[in-house]
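Chain residues, written in single-letter form:
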Amino acid sequence: MTKDNTPPWRDYSLTGRDSGPSFAPKQWYSTPVPRKRMKELMKRRDVPALIDYGIWLGLVLATGALVVLTWGTWWAVPSIILYGVFYGSCADSRWHECCHGTVFKTPWLNTAAYQLASFMSLKNPYLWRWSHTRHHTDTVIVGKDPEIAFPRPPYPLNILWNMLHLQSGWNELKKMFWLAAGRLTKDQKTFLIEADRSKAFWASRVHLAILAMTFVLAMVLQSWLPIVLIGGPTFYGSWLHHLLASLQHAGLAEDVPDHRLNSRTVYMNRFFRFVYSNMNYHVEHHMYPMVPFYNLPALHEEIKGDCPPAYPGTLAAFREMLPAILIQRRDPFYFVDRKPLLPEAANPSPEYTRPTAIAAE
Amino acid sequence: MTNWTRACACDDIETEDHIRYDNSDRTFAIYRSPEDEFYCTDGLCTHEEVHLEDGLVIDHLIECPMHNGQFDYRTGEAKRSPVCVNLKTYPVKVEGGDVFIDIG
Ligand code: FES
């Protein structure tokens, strides 16, 4: 530890000593794709989006009804598990898609789905939009990216808690209370613009009011059922999304302007891809955030020759990621270097190094 | 003072699309709307100065390729966050199958 008690490696806070300059947007590498093809891939379509969101909401309602019907019997347990995944995990990935605004061709559908999914994943729609904007500007750039899920050295218990949304879920609740009270942290002030602050405060107040009404209803009915149906699933049901999302960047390079090296594309089964809205194509998503989730497999086909091989399955990706973060516990400078895995015909990764860090005021 | 400059041929831009046009150290985006009208704006997004050339034209909106912010390219008005500052627009005329912009 240094004198000021900070570790000798990196400072992940957004106002700390590693929060200096990062790469300019034009320095980020992207695989060239012919403009005509790119236009096809970026096209928004209501039909595939409505099918996906219709199935999702249908499943939430159907499994929710199952929970109500089986309440008080042992059959409620599998019903709750299913409901939790469709409510908590699916909402988290859909929040993300709508945050990019790429899902529906019709803008109001996108806005409505965004607000709904934001509540279901207990995320403040304004704070998170801006935080996620920063994540795309500065993906896994230390001191700039507010969404680095596994800062080094990772703490094993935090890893487990995060995968099960226990730590991050409580963090969202804490944020909700602070925002509802009109308070922002120092880090939040670095990315949430003035014009959206009062909207963020009001969104948290509305979320809090819905949760409070659910709690009161539970008290009146003397039953946990309302909490199991509303609010609760974000905690007990988001685990699958968090498990899959933990594979996005963990254990890979930091401070590189090349998503081929700091993100993972993993082949997943259809069920996981449904829950996760195709975010297993994560290199593709970061390189071209304009492409809606239903076109990511096609984009993958376009650029895979220029990328390290995709992981053949979810287990294979965990087999690499888990040992890597355990090694980082002992050696925070360790990471899985994907550069040697770039195919021979691929464009080389740019040789940029991050500009010298200047501590923020 | 007007300064009409030939930017491109009409046929260089597909309907509901746009291209980049550079003039000395300045950069612009020239659009062809679904109604075959032509428009011109600054080329760089007002959010983080990413060029709009790789963005997507949807009806009368240009979506920035970096964070999906949107502008109405006819007026330059910022329409969806994270863009908050309007885009500068420039007068356009079409003559003899060419697009001219007044870049002042
Ligand atoms: S740079 Fe254009 S929206 Fe961010």
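Everything numeric here is computed off the predicted structure, so don't read it as measured data. (Residues numbered from 1 in each chain as written. Chains lettered and ligands numbered in written order. Predicted model: local features only at pLDDT ≥ 70, side-chain atom pairs only at ≥ 80, totals over all residues. Heavy atoms only, no water.)

Caption draft 1: Broad picture of the interface of chain B and chain A. Facing 21 residues of chain B, the contacting portion of chain A comprises 16 residues. Surface buried jointly by chain B and chain A totals about 1600 Å² across both partners, of which 53% is contributed by carbon and sulfur atoms. Counting the surface chain B buries against chain A, the share from its top three residues, L56, M66 and N68 of chain B, is 30%. Taken together, the connections running from chain B to chain A amount to four salt bridges. Between R44 of chain A and E63 of chain B there is a salt bridge, and its shortest N-O distance comes to 2.9 Å. Counting across the interface, chain B meets chain A through 12 residue pairs in polar contact (both at pLDDT 80 or more). Here the residues of the side of chain B that touches chain A sort into eight nonpolar, six polar and seven charged. (Contact = heavy atoms within 4.5 Å. Buried area = accessible area lost by both parts, 1.4 Å probe. Salt bridge = Lys/Arg side-chain N within 4 Å of Asp/Glu carboxyl O. Polar contact = N/O pair within 3.5 Å; in protein donor to acceptor, adjacent residues only side chain to side chain. Nonpolar A, V, L, I, M, F, W, Y, C, P; charged D, E, K, R; others polar.)

Caption draft 2: Examining empty space enclosed by the protein more closely. Applying the stated rule across the entire model yields three cavities of 30 Å³ or more. By volume, the largest cavity is sized at about 100 Å³. Every residue lining the largest cavity is counted, 13 residues in all, and those nearest its centre are C99, H100 and T133 of chain A together with H67 and N68 of chain B. Those elements giving two or more residues to the lining of the largest cavity turn out to be α3 (76-100) and α5 (125-137) of chain A. Within the lining of the largest cavity, the residues separate by chemical class into three nonpolar, eight polar and two charged. Every residue along the wall of the second largest cavity is listed here: R260, S263, T265, V283, E284, H300, K304, C307, P308, P309, A310 and R338 of chain A. (1 Å grid on protein atoms, 1.4 Å probe; cavity = no way out; pocket = protein on both sides within 12 Å on 5 of 7 lines; lining within 4 Å. Points joined across faces, edges and corners; volume = space filled by probe spheres on them. Helix = DSSP H or I, 4+ residues; strand = E, 2+ residues; numbered from the N terminus.)

Caption draft 3: Region of interest: the layout of surface pockets. Residues and elements named next belong to chain A. Each pocket or cavity is described by its volume, and for the second largest pocket that value is around 670 Å³. Of all the elements in the fold, those that place two or more residues in the lining of the second largest pocket are α1 (35-42) and α15 (282-287). Of the residues forming the lining of the second largest pocket, the biggest block, three residues, is contributed by α1. In terms of residue class, the lining of the second largest pocket is built from 15 nonpolar, five polar and seven charged.

Caption draft 4: Structural view of the sheet that holds strand β2 (residues 17-23) of chain B. Residues and elements named next belong to chain B. Spatially, β2-β3-β4-β9 is the arrangement adopted by the four strands of the open sheet, whose pairing is antiparallel. Edge positions in the sheet fall to β2 and β9 (89-90), since each of these pairs with one other strand and no more. By the bridge criterion, five bridges tie strand β3 (residues 26-32) to strand β4 (residues 38-42) in an arrangement that is antiparallel. The partner of I30 across the bridge, within β4, is C40. (Pairing = 2+ DSSP bridges.)

By themselves, these observations are geometric and do not establish any function.
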